[in-house]
Amino acid sequence: MSTAWTPEQEKAINFRDGSAIVSAAAGSGKTAVLVERVIKILMDEENPVDADKLVVAPFTEKAAGELQTRLQKALSAAIEQNPSDTYLRSQRVKLEDASISTISSFCMKLIRENSAFIDGISPDFSVIDEAEGRLIFIQSLDAVLEKFYADAAEADKALMYDWYGGEDD
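So, here is what we can say about the structure in this document. Everything quoted here is computed from the prediction, not taken from an experiment.

Rules of the game
- Residues numbered from 1 in each chain as written.
- Predicted model: local features only at pLDDT ≥ 70, side-chain atom pairs only at ≥ 80, totals over all residues.
- Heavy atoms only, no water.
- Salt bridge = Lys/Arg side-chain N within 4 Å of Asp/Glu carboxyl O.
- Helix = DSSP H or I, 4+ residues; strand = E, 2+ residues; numbered from the N terminus.
- Buried < 20%, exposed > 50% of the residue type's maximum accessible area, 1.4 Å probe, protein only.
- Axes fitted to C-alpha atoms, helices over the stretch in contact; angles between N-to-C directions.
- Parallel < 35°, antiparallel > 145°, perpendicular 65-115°, else oblique.
- Contact = heavy atoms within 4.5 Å.
- Nonpolar A, V, L, I, M, F, W, Y, C, P; charged D, E, K, R; others polar.

1. As for the pattern of salt bridges
Alright, step 1. The full count for this structure, using the stated rule, is six salt bridges.
Alright, step 2. One salt bridge in this structure joins Glu66 and Arg70, with 2.7 Å as the shortest N-O distance. Residue Glu66 and its partner Arg70 are located together in helix α3 (residues 61-81), separated by four residues, close to a single helical turn.
Alright, step 3. With a relative accessible area of 33%, Arg70 lands in the partly exposed category.

2. Regarding the packing of helix α6 (residues 130-151) against helix α7 (residues 154-165)
Axis angle and axis distance: for two packed helices, these are the angle between their axes and the distance between the axes, and together they describe the pair.
Alright, step 1. One can describe the packing of α6 onto α7 by two numbers: an axis separation of 8 Å at closest approach and a directional angle of 140°. Viewed along their axes, α6 and α7 adopt a mutual orientation that is oblique. On α7, the residues touching Leu145, Phe148 and Tyr149 of α6 are Asp156, Lys157, Met160 and Tyr161.
Alright, step 2. Here the contact of α6 with α7 is composed, by residue class, of five nonpolar, no polar and two charged.

Read these as spatial facts, not as claims about activity.
This is the structure:
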């Protein structure tokens, strides 16, 4: 099955002078373009790149999973056409170690793997979720306001109330 690529898609697929950013609307074929680009990079006869050396950063984890699945299928199809090709077989195995994730996940992995070289970062660090962040904010705000009202002059308390606690005009 052959895909009819647009000129812009062809350019993204075949660009080899560095990194490429593919940005387009939903449903425009970004994942298909990325799959084709990666397969061509892996199978480049002059300058092939091992799959485990790739960094591919789609916007969502869902897209990363889809990309990984499509790449596995594309490599499997190439192996079916060339069953004795040991290079393709090795690339299918190495694809498991490719960095195909969101940029946030990639950065977290990089920090975790290098935490021994970064002062103050534990390898088991975590990033707080929105609900936990909101709770910490509220607790901190409560502590600051309690301290303010315990220590502030009456005029400052009245001013604070006027600014933040009074009724809207």
